[in-house]
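Tertiary structure, described
Single-letter residue listing:
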Amino acid sequence: MAKITLDNLAHSYLSSPKSEDDYALKELNHAWSDGEAYALLGSSGCGKSTLLNIISGLLEPSQGRILFDDQDVTHASTADRNIAQVFQFPVVYDTMTVRDNLAFPLKNRGASPQYIAERVQQIGAMIGMEAMLDKRARGLTADAKQKISLGRGMVREDVNALLFDEPLTVIDPHMKWELRTQLKSLHHEFGHTMIYVTHDQTEALTFADKVVVMYDGRVVQIGTPQELFEKPEHTFVGYFIGSPGMNVIPAAIERNMANVHGAELPLAKAFAPLSGKVELGVRPEYVTLTEGEGLPVQVRRVEDVGRHKIIRADLFGTEINIVAGEDTAISPDMTRVTFDADHVNVYVDDWLKEGEAA
Ligand code: ADP
Ligand code: MG
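Bear in mind the structure is a predicted one, so any value in this text is a computation, not a measurement.

1. Let's talk about the nonpolar core
Generally speaking, a soluble globular protein has its nonpolar side chains buried in company with each other. Ranked by size, the top nonpolar core spans 47 residues in total, and within it Leu102, Ile148, Phe164, Val211 and Val213 carry the most contacts. Ranked by size, the runner-up nonpolar core spans 29 residues in total, among them Ala258, Leu265, Leu280 and Val282.

Listed below in structure tokens is the structure:
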């Protein structure tokens, strides 16, 4: 197992990139701690696979270095990096049995037949395929083949890191949950460094100790699920994480007073004069719909989603979402909203701005 350091890393698929826009992966410095479980989260095309393939050695970066512990592996092959990678779509040997597919990485490394037999049995159980070990892979469903791919990725205990690139895409929803749980327990048991790529926030938040959020070729925040929820570093994180995402409201700010379309709103922190696009970010969970004081809103729709209600309203022409308890009665007199001041974040040009004590 290893700590993985990315040093001034960047990648462009073009041979002579000119501007930052030409980079699929913008310059990045980060150390992935040994033994930690990370999720790499972001929408399609933001550069997740590019980053993962650079770490595994399938892709050579146009700039920067990769270190495993203190060893520079930038030009080393995947095999030399001693990494297991599982892809979005199954990679199996059709003519081999499930058992031989699972055993392959162990045989390759010269493990003893007895160890191989035991380990393959154990992994077969983890992926729910004990009963099919002697079947040939050919003719199995895509779902079953992907489970074999996952199993092959997990079979070696001595890898430096385990990388997963959206591995549950073709797996049915129930089994998804089951396999994610298995991956998590595998992590607890062996303590591998794991990087799990997904575009699904639920998957990321339930799998990982730390979530790395990417947006447009850039890592915008690395944090625990709690940190991503409470203090999104970028409006994209606020919007992408949470359901519904964080409300983003244009405002002007003077010291500790925000002005939203002429309505004043005291903040918990004070700010030096700000230039650029200034916005408030407040999660729907920290907005309260009321009959009393507050900013004026018009309720458009109330959605009952079981454990709570989502209220969609209009605030000076901007949509604002409010989360209320399932027992909260919504009356037509509720035409104001208040924000929990401790949970109002300030963004300048989409990046979080920390204030000072007011
Ligand atoms: P993700 O995995 O987050 O969906 P990718 O890393 O696959 O994103 O892609 C990031 C960007 O790089 C996208 O704009 C994609 O079109 C581009 N890209 C990916 N692979 C290649 C390639 N082999 N050649 C050229 N451009 C690529
Ligand atoms: Mg991808």
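2. Observations concerning the site of ligand 1
The environment of ligand 1 is formed by Tyr13, Ala24, Ser43, Ser44, Gly45, Cys46, Gly47, Lys48, Ser49 and Thr50. A distance of 3.4 Å separates a nitrogen atom of ligand 1 from a polar side-chain atom of Tyr13. In this structure, Gly47 approaches ligand 1 through a main-chain N or O atom, which is 3.1 Å from an oxygen atom. Protein coverage of the free-state accessible area of ligand 1, which is 560 Å², stands at 53%. Among the residues forming the shell around ligand 1, the class breakdown is 3 nonpolar, 6 polar and 1 charged.

3. What about the packing of aromatic side chains?
Under the counting rule described, the total for this entry stands at 8 aromatic pairs. When the centroid spacing of 4.8 Å and the interplanar angle of 80° are considered together, the rings of Trp32 and Tyr38 count as edge-to-face. The exposure class assigned to Trp32 is buried, which follows from its relative accessible area of 1%. Seen from their ring centres, Phe236 and Tyr239 are 6.2 Å apart, and the 55° between their planes marks the pair as tilted. Highlighted residues: Phe236 and Tyr239, both in helix α9 (residues 235–240), separated by 3 residues, approximately one helical turn. What links up through ring pairs into an aromatic cluster is the set Tyr215, Phe236, Tyr239 and Phe240.

4. Quick notes on the sheet that holds strand β10 (residues 218–223)
The 6 strands lie next to each other as β6-β7-β8-β3-β9-β10, forming an open sheet whose pairing is mixed. Of all the strands in the sheet, just β6 (83–86) and β10 have a single pairing partner and so form its edges. Neighbouring strand axes in the sheet, compared pairwise and without regard to direction, differ in orientation by 15° on average. Sheet analysis places β6 next to strand β7 (residues 161–165), joined by 4 bridges and oriented parallel. By the bridge assignment for β7, Gln85 is matched with Leu163. Relative to β7, helix α1 (residues 48–56) is tilted by about 155°, and along the sheet it contacts β3 (37–41), β6, β7, β8 (193–198) and β9 (210–215).

Definitions and limits used
- Residues numbered from 1 in each chain as written.
- Chains lettered and ligands numbered in written order.
- Predicted model: local features only at pLDDT ≥ 70, side-chain atom pairs only at ≥ 80, totals over all residues.
- Heavy atoms only, no water.
- Core = buried A, V, L, I, M, F, W, Y, C linked by side-chain atoms within 4.5 Å.
- Buried < 20%, exposed > 50% of the residue type's maximum accessible area, 1.4 Å probe, protein only.
- Near = heavy atom within 4 Å.
- Polar contact = N/O pair within 3.5 Å; in protein donor to acceptor, adjacent residues only side chain to side chain.
- Areas by Shrake-Rupley, 256 points an atom, 1.4 Å probe, with all protein chains shown as cover.
- Nonpolar A, V, L, I, M, F, W, Y, C, P; charged D, E, K, R; others polar.
- Phe/Tyr/Trp six-rings, centres within 6.5 Å; stacked < 30°, edge-to-face > 60°.
- Helix = DSSP H or I, 4+ residues; strand = E, 2+ residues; numbered from the N terminus.
- Pairing = 2+ DSSP bridges.
- Axes fitted to C-alpha atoms, helices over the stretch in contact; angles between N-to-C directions.
- Contact = heavy atoms within 4.5 Å.

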